[in-house]
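Now for the letters of each chain:
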Protein chains: 2
Amino acid sequence: LAASQIASVGQRSETIRRSNLSAIVRELHAHGPLSRSELVARTGLTRSAVRGLIGELSVGGLATERSGAPLGGPGRPSVLVAANPAGAEVLAIEIAVDSLAAAIVGLGGQVARLVRVERPRGHLAVDDLVHDVRELAGQVGNPWDQSDRLLGIGVAVVGMVRRSDGFVPLAPNLGWHDVPLGEAIAGALGTAAPVAVANEADLGALAELRRGAAVGERDLLYISGEVGVGGGLFVGGRPLTGAAGFAGEVGHMPVNPDGAMCGCGSRGCWETEIGERALLQRAGRPIDGGREAVESILAAAAQQDAVSLTALNETGRWLGRGLAGLVNALNPRMIVLGGLFGRVYFFVAPTIKEQLDRFALPAAREVVRLAPAALGVNAPLLGAAELALEPVLADPAAWLSRTPQRMLASA
Amino acid sequence: LAASQIASVGQRSETIRRSNLSAIVRELHAHGPLSRSELVARTGLTRSAVRGLIGELSVGGLATERSGAPLGGPGRPSVLVAANPAGAEVLAIEIAVDSLAAAIVGLGGQVARLVRVERPRGHLAVDDLVHDVRELAGQVGNPWDQSDRLLGIGVAVVGMVRRSDGFVPLAPNLGWHDVPLGEAIAGALGTAAPVAVANEADLGALAELRRGAAVGERDLLYISGEVGVGGGLFVGGRPLTGAAGFAGEVGHMPVNPDGAMCGCGSRGCWETEIGERALLQRAGRPIDGGREAVESILAAAAQQDAVSLTALNETGRWLGRGLAGLVNALNPRMIVLGGLFGRVYFFVAPTIKEQLDRFALPAAREVVRLAPAALGVNAPLLGAAELALEPVLADPAAWLSRTPQRMLASA
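Residues numbered from 1 in each chain as written. Chains lettered and ligands numbered in written order. Predicted model: local features only at pLDDT ≥ 70, side-chain atom pairs only at ≥ 80, totals over all residues. Heavy atoms only, no water.

Another aspect to go through is the interface of chain B and chain A. Taken together, the contacts link 50 residues of chain B with 50 residues of chain A. Taking both partners together, chain B and chain A bury about 4200 Å²; carbon and sulfur atoms supply 64% of that area. At the junction of chain B and chain A, the tally comes to 0 salt bridges. Across the chain B-chain A interface, the total number found is 18 residue pairs in polar contact (both at pLDDT 80 or more). (Contact = heavy atoms within 4.5 Å. Buried area = accessible area lost by both parts, 1.4 Å probe. Salt bridge = Lys/Arg side-chain N within 4 Å of Asp/Glu carboxyl O. Polar contact = N/O pair within 3.5 Å; in protein donor to acceptor, adjacent residues only side chain to side chain.)

Pasting the structure below:
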């Protein structure tokens, strides 16, 4: 072998090691604890390779081995490998329409601490946000002051987000235009840890895919609504972020040329037919009644109140009609309804299915199933944690090389 | 090293070799001829690795080296490496609304022979199709009779296609329901070569991305129309095929609840507003006048005929409105208009851009550009060739291992 070929083989062995470490950590994170045999089966790596990689991850603090329950009757208990939640932690933040939340989440998805505070709907000054985020982060434990385990910060926000730098060109429900949110949060927390920002629905989709209603799916359409409507799309197991991270604004697809004016400046957007305000208006409630007014519609509908049932049915009809178009355009395997649409699911699902039967192309209709979100209000927050954990999942080796000294010192 | 680790390293060196061969062949196919230095720069491989890989490909008949023009003045001419079109050939077939076509295309995208015949619009019996395909294939040279270089057969069809087996559940413009097209074509040609079938617009998008208006783009929305409207989507450089291959049926997104009945059984689909028939009707032409009638509208519009201009403007308005919704949902970098929309581009582009300005979210609007298709009527046929060539691009090593004997025999 020529010298350059040897160097090249060496470089590639290292590339392979990193990618194998990543495969193991991803399995432990999403599906752990797992036995070594399960890891062999899931990754396709050899038994001895898996043993070596687990050893590295254990020394580096990212994995732990422990005895599982014996497999019935006598015999050795099986050894289970788990992600070590304390080995890599992230701070997740959510800026929602009517609440703010923060959580510390460890590798493996374990939530160590979570705080959510209500906030009045409407405009949110960035200075106030910075103040509130600092306070919430303090309540979950200021991990960046005391630990070198903080991998990063993930932020879910109800607005459009440029993924590259967390810039928010538009968040109508917060009254934001052109807010450098990533920068503002990094400044607020005074940390050098990386800040990753994404749209709330995109992150809700990620969380539902990894730990909620859509586990194991690869082609997912997640639609979540309150006043506004957002979508999160996964295609072939990958998030469809679009050229700049703005994809998923399905609420602003035109469905009705004679429809109402939309907050975006257009007319007849899907959001104007399926958003919270349309439901409240159709049910004769104040259109700014918020979640409480929605609850009162659901309570009345449960008592067979005709006006409420008709209003919900109309929401279901427009939901189904628009979803049929998206089923035709994107051929998803699964549709998950979150936020408002998860709460009204019980009442609107039959109408949605009927509309899909009528208006989606049969071949695409046959392969898609519909379900309510499983993670409830915390889906975007948990998705923000997943986003912030991504670097350690993609390349745990880089993280291991930062940690041995700490691990030795704290041992 | 333990024995299993050595085996594992051996397996991986082979994996790396295959993936490096693939990287070289993809570059030569899409961007060749290239100098060795360009291949080094484009692939990130070492100079010696590139030399070795080219050697393998040359022996196996997939690449050729030749002297390029000297780089100005005296000095050695540079050596250029090219894909060898004769080294791997495919048969491409297109089943369009008003024509059938076949071509032999070689590695590197070179079209050896191409035949296109008009056919009357309307229903096409599968038996007739089988007959016509056999005849067309004969005209381009029956390559499967005389050559072991035929890599496979790619088919573009104006209908929905299940990618796994080339089954067509629906092709309204051909009058097809549940046609096993892949099977029928394999039977017609009596060949064991693999047959890959995909939707016409999906393959038009692929061709435009690789050799047309969208070279270098990764996030593409391609919309092509005649009577029906199809879309081809690329996201992050990958085709968005959907869960079963049916994605891209954007013509059946609901845009007008009071709109016309659509051939799909729904009402107010985008296709009913932007398809050929809507244009013909608005211009006072017979709705089944076909391409000839469209040409007469364009000729009249060029003479400032008010009815024709208004009709084109209305098509542009609905095109722009729907595209704005797709820009919001998918955040593409580029929109390419093919088929009918390519032909009317000159007249409708200003209206489309105006609609995008009004109705697309500004952040998504800013990053998208609009262009007419560059490959004209042959885009889907060329895309079918690209589809059939994909196996040799993805794993040229498998193809090389089939060919040495042949190459020696014919040398």
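Before going further, it helps to spend a moment on the relation of the copies chain B and chain A. Each copy of the sequence occupies a distinct position, and chain B is placed on chain A by a rotation of 180 degrees and an axial shift of 0.1 Å, giving an RMSD of 0.0 Å. Taken together, the rotation and translation relating the two chain copies correspond to the operation of a two-fold axis. In terms of proximity to the rotation axis, the leading residue of chain B is B:Val255, whose C-alpha is 2.2 Å off the axis. A shared binding surface is used by both copies, with 100% of the interface residues of chain B retained as interface residues in chain A. (Least-squares fit on C-alpha atoms with pLDDT ≥ 70 in both.)

Within a sheet, neighbouring strands are paired by backbone hydrogen bonds and run either parallel or antiparallel to one another. Residues and elements named next belong to chain A. With mixed pairing, the 5 strands of this open sheet are ordered in space as β6-β5-β4-β7-β11. Single-partner strands in this sheet number two, and they are β6 (111–118) and β11 (195–199). Here the average twist between neighbouring strands, direction ignored, is 15 degrees. Inspection of the sheet shows strand β5 (residues 99–106) paired to β6 by 7 bridges, in the antiparallel sense. Following the sheet pairing, Ile-104 is matched in β6 by Arg-113. Its contacts with the sheet put helix α4 (residues 126–140) on β4 (89–95), β5 and β6, and the angle it makes with β5 is roughly 40 degrees. (Pairing = 2+ DSSP bridges. Helix = DSSP H or I, 4+ residues; strand = E, 2+ residues; numbered from the N terminus. Axes fitted to C-alpha atoms, helices over the stretch in contact; angles between N-to-C directions.)

All right, on to the pattern of salt bridges then. All names here are of chain A. Evaluation of the coordinates by the stated rule reveals 48 salt bridges over all chains. Residues Glu-314 and Arg-317 are paired through a salt bridge, measuring 3.2 Å at the closest nitrogen-oxygen approach. Taken together, the residues span about one helical turn, with Glu-314 and Arg-317 both in helix α11 (residues 306–330) at a distance of 3 residues. Judged by relative accessible area, which is 24%, Glu-314 ranks as partly exposed. Given a relative accessible area of 32%, Arg-317 falls into the partly exposed group. Through salt bridges with shared partners, one network takes in Asp-98, Arg-121, Glu-226, Glu-276, Arg-291, Glu-295 and Arg-343. (Buried < 20%, exposed > 50% of the residue type's maximum accessible area, 1.4 Å probe, protein only.)

Residues and elements named next belong to chain A. Packing of helix α2 (residues 36–43) against helix α3 (residues 47–59) brings their axes to within 9 Å, and their N-to-C directions diverge by 115 degrees. In this view, α2 runs roughly perpendicular relative to α3, as classed from their interaxial angle. In this structure, the crossing between α2 and α3 has a hand that is right-handed. Between α2 and α3, the contacting residues are Arg-36, Ser-37, Leu-39, Val-40 and Thr-43 on the first element and Arg-47, Val-50, Arg-51 and Ile-54 on the second. (Parallel < 35°, antiparallel > 145°, perpendicular 65-115°, else oblique. Left-handed = near helix turned anticlockwise from the far one by under 90°.)

Here we take up a positive patch on the surface. Taken together, the side chains of A:Arg218, A:Arg238, B:Arg218 and B:Arg238 define a basic patch exposed on the protein surface. Note that B:Arg218 resides in the loop between α7 (200–211) and β12 (220–225). (Patch = residues over 30% accessible without salt bridge, like charges linked within 9 Å, V, L, I, M, F, W, Y side chains within 5 Å. Areas by Shrake-Rupley, 256 points an atom, 1.4 Å probe, with all protein chains shown as cover. Lys, Arg positive; Asp, Glu negative; His and termini not counted. Charge placed at Lys NZ, Arg CZ, Asp CG, Glu CD.)

So, about the side chain of A:Glu27. Among the structural elements, A:Glu27 can be located in helix α1 (residues 3–31). Apart from residues lying up to four places away in sequence, A:Glu27 is in contact with A:Gly32, A:Leu34, A:Leu39, A:Arg42 and A:Thr43.

It is worth spelling out α3(A) at this point. Residues and elements named next belong to chain A. Across its 13 residues, α3 extends 19 Å between first and last C-alpha, which sits within 8% of the 18 Å expected from 1.5 Å per residue. Within the sequence span of α3, burial applies to Ala-49, Val-50, Leu-53, Ile-54 and Leu-57. Around the axis of α3, the buried residues are gathered within 130 degrees of arc, so they sit on the same side. (Expected span 1.5 Å × (residues − 1). Arc of directions from axis to C-beta.)

Turning to the sheet that holds strand β10 (residues 176–180) of chain B, a few remarks are in order. Residues and elements named next belong to chain B. Spatially, 3 strands are ordered β8-β9-β10 in an open sheet, and the strand pairing comes out antiparallel. Each having just a single partner strand, β8 (160–162) and β10 make up the two edges of the open sheet. Averaged over all pairs of adjacent strands, the angle between their axes in this sheet comes to 15 degrees, without regard to strand direction. Strands in contact with helix α6 (residues 181–189) are β9 (167–171) and β10; relative to β10, the strand with the most contacts, it is inclined by about 55 degrees.

Residue and element names in this part refer to chain A. Tallying each qualifying case throughout the model produces 2 aromatic pairs over all chains. Centroid distance Phe-346 to Phe-347: 5.3 Å. Interplanar angle 85 degrees. Geometry classified as edge-to-face. Over the ring of Phe-359 we find Arg-321; its NZ or CZ atom is 4.2 Å from the centre of that ring. (Phe/Tyr/Trp six-rings, centres within 6.5 Å; stacked < 30°, edge-to-face > 60°. Lys NZ or Arg CZ within 6 Å of the ring centre and 35° of its normal.)

Grouped together as the largest cluster of nonpolar side chains are 102 residues, with contacts concentrated most on A:Ile223, A:Leu323, B:Ile223 and B:Leu323. With residues near it in sequence (within four places) discarded, B:Leu323 still touches B:Leu221, B:Ile223, B:Trp270, B:Ile335, B:Leu337, B:Ile352 and B:Leu356. Listed in part, the 51 residues of the second largest apolar core include A:Leu28, A:Ile54, A:Leu387 and A:Trp399. (Core = buried A, V, L, I, M, F, W, Y, C linked by side-chain atoms within 4.5 Å.)

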